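Results of the structural survey
In case you want the letters, here they are:
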Amino acid sequence: MPCEHMGPPELMEMAETELRRGGVDEASWRGRKFRWSENVEGGMWASVILEIERRGDQWIVTRLDRTAERLPDSECGFRAI
């Protein structure tokens with residue numbers, strides 16, 4: 001069953017796009033971390049927080065929180081952490 005929120009593959013793609021736009025060489029991606037947070041409408045959860053980290057040549061999901069409480073708008077969206 002598909003999720004009603006962004007998943008790891010989409011966040012990984014956003015992170016790679018951001019790094020490439022910033023001119024960061026792929027050899028320097030190790031240790032980079034990114035987060036996507038959003039409020040979800042009409043689903044089982046009110047909000048989702050997803051974090052990834054580059055380890056070696058792979059992106060690893062380091063956090064996936066789904067909660068019954070909405071996030072403040074200031075905490076929503078894509079960001080490097």
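Owing to the predicted nature of the structure, the values given are computational and were not obtained by experimental measurement. Positions within a chain are numbered from 1, following the residues in the order the chain's sequence is written. Since the coordinates come from a predicted model, pLDDT governs what is reported: local features require at least 70, and pairs of side-chain atoms require 80 or more to be given and counted, while whole-chain, interface and lining totals use all residues. For the side-chain quantities, the full set of heavy atoms in the structure was used; hydrogens and water were omitted.

1. Here's the deal with the overall build of the chain
Only DSSP runs of H or I with at least four residues qualify as helices, and only runs of E with at least two residues qualify as strands; both kinds are numbered from the N terminus onward. Scanning the chain for helices and strands turns up one helix and four strands. Relative accessibility thresholds used throughout: buried, under 20% of the residue-type maximum; exposed, over 50%; partly exposed, between the two (1.4 Å probe, protein chains only). Buried positions account for 31% of the 81 residues belonging to the chain. Should any heavy atoms of two residues lie within 4.5 Å, those residues are considered in contact. Looking at the chain alone, contacts between residues at least 24 apart form 49% of all its contacts between residues at least 6 apart. Averaging the positions of the 12 positive and the 16 negative side-chain charges in the chain gives two centres separated by 5 Å. We treat Lys and Arg as the positive residues and Asp and Glu as the negative residues; His and chain ends play no part in the count. By convention, charge coordinates are those of NZ in Lys, CZ in Arg, CG in Asp, or CD in Glu.

2. A few points about the nonpolar core
Listed in full, the ten residues of the largest apolar core are M6, L11, A15, L19, W29, F34, W36, L50, I52 and W59. By residue number, the principal contributor to this core is helix 1 (residues 8-21), which donates three residues. Not counting the four nearest positions on each side in its chain, W59 is found in contact with M12, A15, E16, L19, W29, R32, F34, I52, E53 and R54. The definition of a nonpolar core used throughout is a set of buried Ala, Val, Leu, Ile, Met, Phe, Trp, Tyr and Cys residues joined through side-chain atoms within 4.5 Å.

3. Details of the sheet that holds strand 1 (residues 33-39)
Following DSSP output, two strands are said to pair if at least two bridges run between them. The strand order across the open sheet formed by four strands is 3-2-1-4, and the pairing between neighbours is antiparallel. Each end of this open sheet is capped by a strand with a single partner; those strands are strand 3 (58-67) and strand 4 (77-80). Sheet twist, expressed as the mean angle between neighbouring strand axes with direction ignored, is 15°. By the bridge criterion, nine bridges tie strand 2 (residues 47-55) to strand 3 in an arrangement that is antiparallel. Counterpart to S47 in the pairing with strand 3 is T67. Axes here mean lines fitted to C-alpha atoms, for a helix over just the part in contact, with angles spanning 0 to 180 degrees between N-to-C directions.

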